[in-house]
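Results of the structural survey
Residue strings, one per chain:
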Amino acid sequence: MPRDNMASLIQKIARQARTTFKALPPADAGSFQANLAKLSKLLEKIQAEDLNLGPRRNGGPPPPQLGAHQGPPVTYMHICETDSFSMGVFLLQSGSCIPLHDHPGMHGLLKVLYGQVAIKCFDKEEVEEEEEEEEDENENEEEAAAGSGADVQGVQFNPPLLQCQRAALRKSLRRSSDVLSEASDPCLLTPVQGNMHQIEARDGPAAFLDILAPPYDPDEGRDCHYFKMLQVSGNAGDDSPESPQQQPSQPIWLLEVPQPADFWCGGEPYPGPKVSPD
């Protein structure tokens, strides 16, 4: 049962998220970091029972609207959304995976509610702020150049890429991998650090609370893009896509791809306490 408080824990989290993300850095970096720490502390306390959730068995009967067909590998429960942030719960069937994807210009926090998830995080290559402001009008040309310019000249991929694919390349400078459970601290992403990640349910179903700030909005340039890791020719050992020994300083090449055909996300109602972030 949810905790019997005047304000539920998830309500407190929503209000703190509103306070934290009403002004993003660099507007007031000191205040933002202090509020982000408060939000993270609240997330450390959240449990599945606070949202009327519990682990589900795989292989159970599908929802009636699906008939005899198997349900989606991932389901999303929407909790609330404002102009500054969105919050919801992702439920993953055992062995299912949210493919490698990005969060353009967004901050985010992920807190596992039950089960275990293996998460691989990739950092976006940093761009100097002054250069970013001066060349903002040429953003599309710069992104295309990132895949076909000096950084990728002489790099050979296995299997080889078509010339037209090189415009869809992205470079990541570091990589981290971890397995998170409900006992783990919240996982944080920023517009640069850990901004691209892949999440897989391990050894059973899993669920996590997800906060993104600001929310996805294609009209504002915050659409979700999917990627796959590439292997560089001549590095079939330590530099293979799945190698945990890869040095953090070594560049990793990612290719933007369409949403994988075997991945889709369903939706279902959120069963927890009412939340009003205003």
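This write-up is about the structure you can find in this document. In this text, all values refer to a predicted model and were calculated from it rather than measured experimentally.

**Side note on the overall build of the protein**
Helix and strand content of the protein: four helices and 10 strands. Listed by position from the N terminus, the elements making up the protein come as α-α-β-β-β-β-α-α-β-β-β-β-β-β. Looking at the 278 residues of the protein, the share that counts as buried comes to 44%. For the protein, the proportion of contacts with a sequence separation of at least 24, taken over those separated by at least 6, is 82%. Roughly 15300 Å² of accessible area belongs to the protein as shown, and the carbon and sulfur atoms make up 48% of that amount.

**Observations regarding the side chain of lysine 111**
Among the secondary structure elements, lysine 111 is positioned in strand β4 (residues 107-124). In this structure, lysine 111 is buried with no salt-bridge partner, the nearest side chain bearing the opposite charge being glutamate 182 at 7.1 Å. A distance of 2.7 Å separates the side chain of lysine 111 from the backbone oxygen of glutamate 182, its partner in a polar contact.

**Description of helix α1 (residues 9-21)**
Helix length check: α1 (13 residues) gives 18 Å between terminal C-alpha atoms against 18 Å at 1.5 Å per residue, within 8%. Every buried residue of α1 is accounted for by Leu9, Ile10, Gln11, Ile13, Ala14, Gln16, Ala17, Thr20 and Phe21. Looking at the buried residues of α1, the elements they touch are α2 (29-45), β1 (74-81), β2 (86-92), β4 and β7 (196-213).

**A word on the environment of proline 251**
Residue position: proline 251 is located in the loop between β8 (226-229) and β9 (252-257). Take proline 251: its relative accessible area is 42%, and that puts it in the partly exposed class. Taking the C-alpha atoms as reference points, proline 251 and leucine 173, separated by 78 residues in sequence, lie 4.6 Å from one another.

**Section: α2**
Compared with the 24 Å implied by 1.5 Å per residue over 17 residues, the 25 Å span of α2 between its first and last C-alpha is a close match. Those residues of α2 not exposed but buried are Phe32, Asn35, Leu36, Leu39, Ser40, Leu42 and Leu43. Here the buried residues of α2 occupy an arc of 160 degrees about the axis, which is enough to place them on one side. Exposed residues on α2 whose side chains face more than 90 degrees from its buried face are Gly30, Lys38 and Lys41. In the core, the buried residues of α2 are packed alongside α1, β4, β6 (187-189) and β7.

**Focus: the pattern of salt bridges**
Applying the stated criterion across every chain yields a total of three salt bridges. Here lysine 41 ties to glutamate 44 by a salt bridge, and the two come within 4.0 Å at their closest N and O atoms. Taken as a pair, lysine 41 and glutamate 44 lie in helix α2 at a separation of three residues, close to a single helical turn. With a closest N to O distance of 3.8 Å, lysine 124 and aspartate 102 form a salt bridge. Here the residue lysine 124 occupies a position in strand β4, and aspartate 102 occupies one in the loop between β3 (97-101) and β4, the gap between them amounting to 22 residues.

**Description of unusual backbone geometry**
Backbone torsion omega between alanine 213 and proline 214 reads -10 degrees, so that peptide bond is classified as cis. Assignment of secondary structure puts proline 214 in the loop between β7 and β8. The backbone phi angle of asparagine 52 is positive, close to 60 degrees, even though this residue is not glycine. In this fold, asparagine 52 is placed in the loop between α2 and β1.

**Some words on the side chain of histidine 101**
Along the polypeptide, histidine 101 turns up in strand β3. A polar contact is formed between the side chain of histidine 101 and the side chain of histidine 103, at a distance of 3.3 Å. Among all residues touching histidine 101, those that are not within four sequence positions of it are Asn195, Met196, His197, Tyr216, Cys224, His225, Tyr226 and Phe227.

**A look at the pairing of β3**
In terms of residue burial, β3 counts as a mostly covered element, since four of its five residues are buried. Sheet topology places β3 next to β7; three bridges connect them, and they run antiparallel. Of the residues in β7, the one forming a bridge with isoleucine 98 is isoleucine 199.

**Describing the nonpolar core**
Formed by 31 residues in total, the largest nonpolar core has its most connected members in Ile13, Phe21, Met87 and Val89. Where this core is concerned, the elements lending two or more residues are α1, α2, β1, β2, β4 and β7. No other element matches α1, which puts six residues into this core. Setting aside anything within four residues of it in sequence, one finds isoleucine 13 in contact with Leu39, Leu42, Leu43, Ile46, Met87 and Ile211. Residues Val74, Ile119, Ile199 and Phe263 belong to the second largest nonpolar core, which totals 17 residues.

Cut-offs applied
- Residues numbered from 1 in each chain as written.
- Predicted model: local features only at pLDDT ≥ 70, side-chain atom pairs only at ≥ 80, totals over all residues.
- Heavy atoms only, no water.
- Helix = DSSP H or I, 4+ residues; strand = E, 2+ residues; numbered from the N terminus.
- Buried < 20%, exposed > 50% of the residue type's maximum accessible area, 1.4 Å probe, protein only.
- Contact = heavy atoms within 4.5 Å.
- Areas by Shrake-Rupley, 256 points an atom, 1.4 Å probe, with all protein chains shown as cover.
- Lys, Arg positive; Asp, Glu negative; His and termini not counted.
- Salt bridge = Lys/Arg side-chain N within 4 Å of Asp/Glu carboxyl O.
- Polar contact = N/O pair within 3.5 Å; in protein donor to acceptor, adjacent residues only side chain to side chain.
- Expected span 1.5 Å × (residues − 1).
- Arc of directions from axis to C-beta.
- Pairing = 2+ DSSP bridges.
- Core = buried A, V, L, I, M, F, W, Y, C linked by side-chain atoms within 4.5 Å.

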